[in-house]
Amino acid sequence: MKVSYYAKTDIGLLRTENQDSYGIGEDSYLVCDGMGGAVAGAFASQVAVEVILKLCKTINIEQVRDIIGNDLSKIGNDIDIFSPIVAIMLANRMLYNLTIKYPKLAGIGTTAVMSKVDRDYNVLNVYHVGDSRLYRIREGSIKLLTKDHSKINDLLDAGKLTQEDVKFTENQNIITRAVGIASSVKVDYRQYHYKPNDFYIMCSDGLNGEIDDNSINDIVNKNGKNLAFAVNELITSANRAGGRDNTTVIMFTIEDDGQPVKLLKDIKKDILSFSDNDLQKGLYEDRILKESSKKLSIEIPENFKKNKKIYTYLYIVVFVTSLLFLGYYFFF
């Protein structure tokens, strides 16, 4: 199978900072939409992309067992499947630890949607946290392959809201799951069989927040033979519709190269969720991050570091005041 892709991110018409980031690995595609205000949101998504893509390459089976534990039985011992799950959890731990060390970063977080193509079995592995999305267009029809982790979906699932009411509901952008906002995170995973000539569209909510699924479908069906043109047209359409948010789109298609493939019989059709909500797992993650620190190049923006000059002046004032107090005390 031959995989072709095109990716682009755009600031939109109203934002002053692009908080979206994306990354391309070996048969892997990743979109992250940061939050936390201006530079902090951009920082969160950039850190997540770097940590996830770099650590996916270095995670070993022992580390997978430490973090996933008993949940290994849900799929098996395939490290290629589990490494992105663990990498997303490590990105979560990294961001959370940074908010502890640098209080000015408090509140940062990011979504993450990742696709990993398994050419041996014609399988697309999908990993998801938040409300960034993955669509598939097959034979002219569009289907959403991820489920938003959002307040809206929670209300729909509970029967407190109907699909017709969604467009009139306030606070549509409230998400219930993100990378970095807590010490642990729950990652959704699902498998899909892909077919030759499928189109896959990964995006931040700057796209689907401005144009509906049918519009996305029409644009791709008209322009799919030219991935770059199709992606640019999707972003242009989102901006024409308002461009109120950053928009990131990765589009890829899988073509048949004539080589024989093996179909995976026991494909996981349901969403599987994996969590690291355990103190011991958190300690394992800290250890892995410490061991992997040389592989990462995380630089904290200066405006989120403690102001050393202020603290130096404060220490001097306290010291001088103490000396004056002691002098006054002993003199009188």
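See above for the structure.
In this report, we go over the structure that sits alongside the text.

### Regarding the overall build of the chain
In terms of helices and strands, the chain carries 9 helices and 12 strands. Put simply, the chain has 332 residues, and 48% of those count as buried. If you sum the accessible surface of the chain, you get close to 17,300 Å²; carbon and sulfur atoms cover 51% of it.

### Comments concerning the packing of helix α2 (residues 61-68) against helix α8 (residues 279-292)
As a packed pair, α2 and α8 sit with axes 8 Å apart at the nearest point and diverge in direction by 150°. Between α2 and α8, the interaxial angle falls into the category roughly antiparallel. Judged by residue contacts, Gln63, Asp66, Ile67 and Ile68 of α2 engage Lys281, Tyr284, Glu285, Arg287, Ile288 and Glu291 from α8. Of the residues in the contact of α2 with α8, the class split is 4 nonpolar, 1 polar and 5 charged.

### Some details on the nonpolar core
If you look at soluble globular proteins, the nonpolar side chains tend to sit buried side by side. Core analysis: the biggest nonpolar cluster contains 49 residues, and Ile52, Ile68, Ile85 and Phe274 have the highest contact counts within it. Discounting residues that sit within four places of it in the chain, Ile52 has contacts with Leu30, Ala87, Ile88, Ala91 and Met114.

### Some details on the sheet that holds strand β7 (residues 133-138)
Pairing is antiparallel across the open sheet formed by 5 strands, whose spatial order is β1-β11-β10-β7-β8. A single partner strand is all that each edge strand has here, and the edge strands are β1 (2-10) and β8 (141-144). Across this sheet, the average inter-strand angle for adjacent strands is 20°, counted without regard to direction. In this sheet, β8 lies alongside β7 in antiparallel orientation, the contact comprising 4 bridges. If you follow Ile137 over to β8, its bridge partner there is Ile142. Here helix α7 (residues 227-240) sits on the sheet and contacts β1, β10 (199-203) and β11 (247-255); the angle it forms with β1, its principal contact strand, is near 30°.

### What about α8?
Taking 1.5 Å per residue as the helical rise, α8 with its 14 residues ought to reach 20 Å, and the 20 Å between its terminal C-alpha atoms agrees with that figure. Buried within α8 we find Lys281, Gly282, Glu285, Ile288, Leu289 and Ser292. The buried residues of α8 occupy one face: seen down the axis, they fall within an arc of 120°. Exposed positions of α8 whose direction lies more than 90 degrees from the buried face are Leu279 and Lys290.

### With respect to the packing of aromatic side chains
As enumerated under the stated definition, the model contains 5 aromatic pairs in all. Between the aromatic rings of Tyr29 and Phe252, the centroid separation amounts to 4.5 Å while the plane-to-plane angle is 10°, which identifies the pairing as stacked. Of this pair, Tyr29 sits in strand β3 (residues 28-35) while Phe252 sits in strand β11, and the two are 223 residues apart along the sequence. Like Tyr29, the residue Phe252 is buried in the burial classification. Judged by centre distance (5.2 Å) and plane angle (20°), the rings of Tyr200 and Phe252 are stacked. Taken together, the residues Tyr200 in strand β10 and Phe252 in strand β11 connect sequence positions 52 residues apart. An identical accessibility class is assigned to Tyr200 and Phe252; each is buried. Here a set of aromatic residues connected by ring pairs shows up, and it is made of Tyr5, Tyr29, Tyr200 and Phe252.

### Focus on the side chain of Asp33
Residue placement: Asp33 occurs in strand β3. One buried charged side chain, Asp33, makes no salt bridge at all; its nearest oppositely charged neighbour is Arg15, positioned 6.5 Å away. In this structure, Asp33 is in contact with Gln19, Asp20, Ser45, Gly109, Thr110, Thr111, Ser132, Ser204 and Asp205, ignoring residues within four places of it in sequence.

### Brief notes about helix α3 (residues 79-101)
For α3, spanning 23 residues, the distance from its first C-alpha to its last is 31 Å, which sits close to the expected 33 Å at 1.5 Å a residue. Of all 23 residues in α3, 17 are buried, a share of seventy percent or more.

### A look at the side chain of Thr110
Of note, Thr110 is situated in strand β4 (residues 109-110). Within polar-contact distance, the side chain of Thr110 engages the backbone oxygen of Asp33 at 3.2 Å. Leaving out residues up to four positions away in the same chain, Thr110 has contacts with Cys32, Asp33, Gly34, Met35, Ala44, Ser45, Ala48, Leu95, Ala178 and Val179.

### Some thoughts on the layout of surface pockets
As a volume, the second largest pocket reaches approximately 400 Å³. Elements represented by at least two residues in the lining of the second largest pocket include exactly β2 (20-25), α1 (38-58), α3 and β5 (112-118). Among the elements that line the lining of the second largest pocket, the one with the most residues is β5, at 4 residues. For the lining of the second largest pocket, the per-class residue count stands at 6 nonpolar, 4 polar and 8 charged.

What counts as what
- Residue numbering note: each chain is counted from 1, following its sequence as written.
- Where totals are concerned, whole chains, interfaces and linings use all residues; where local detail is concerned, this predicted model gives features only for residues with pLDDT of at least 70, and gives and counts side-chain atom pairs only at 80 or more.
- To obtain the side-chain values, all non-hydrogen atoms of the structure were used and water was disregarded.
- Strands here mean DSSP runs of E at least two residues long; helices mean DSSP runs of H or I at least four residues long; both are numbered from the N terminus.
- Exposure classes here rest on a 1.4 Å probe applied to the protein chains alone. A residue is buried below 20% of its type maximum, exposed above 50%, and partly exposed in between.
- Residue-level accessible areas treat just the shown protein chains as cover; the underlying method is Shrake-Rupley with a 1.4 Å probe.
- Only the contacting stretch of a helix is used when fitting its axis, a line to C-alpha atoms as for every element, and angles between N-to-C directions run 0 to 180 degrees.
- Reported orientations rely on four angle classes, namely roughly parallel under 35 degrees, roughly antiparallel over 145, roughly perpendicular from 65 to 115, and oblique for the rest.
- In what follows, residue pairs with any heavy atoms lying within 4.5 Å of each other are defined as contacts.
- Gly counts as polar in this scheme, as do all residues outside two lists: the nonpolar Ala, Val, Leu, Ile, Met, Phe, Trp, Tyr, Cys and Pro, and the charged Asp, Glu, Lys and Arg.
- Residues belong to a common nonpolar core when they are buried Ala, Val, Leu, Ile, Met, Phe, Trp, Tyr or Cys residues joined through side-chain atoms within 4.5 Å.
- Two strands are counted as paired when DSSP detects at least two bridges linking them.
- For a helix, the expected span equals 1.5 Å multiplied by the residue count minus one.
- The directions from the helix axis to the C-beta atoms are what the arc is built from.
- Between 30 and 60 degrees the pair is tilted, below 30 it is stacked and above 60 it is edge-to-face, where a pair is any two Phe, Tyr or Trp rings, Trp via its six-membered ring, whose centres lie within 6.5 Å.
- His is not counted here, nor are the chain ends, while Lys and Arg score as positive and Asp and Glu score as negative.
- A side-chain nitrogen of Lys or Arg and a carboxyl oxygen of Asp or Glu constitute a salt bridge if their distance falls within 4 Å.
- Here a polar contact is recorded for every N or O atom pair within 3.5 Å, except that within protein the pair must consist of a potential hydrogen donor and a potential acceptor, and residues adjacent in sequence are included only if both atoms are side-chain atoms.
- Detection works on a 1 Å grid of protein atoms alone, calling trapped sets that fit a 1.4 Å probe cavities and calling open sets with protein on both sides within 12 Å along at least five of seven lines pockets, with lining residues defined by an atom within 4 Å of a point.
- Grid points are joined across faces, edges and corners, and a volume is the space filled by probe spheres set on the points.

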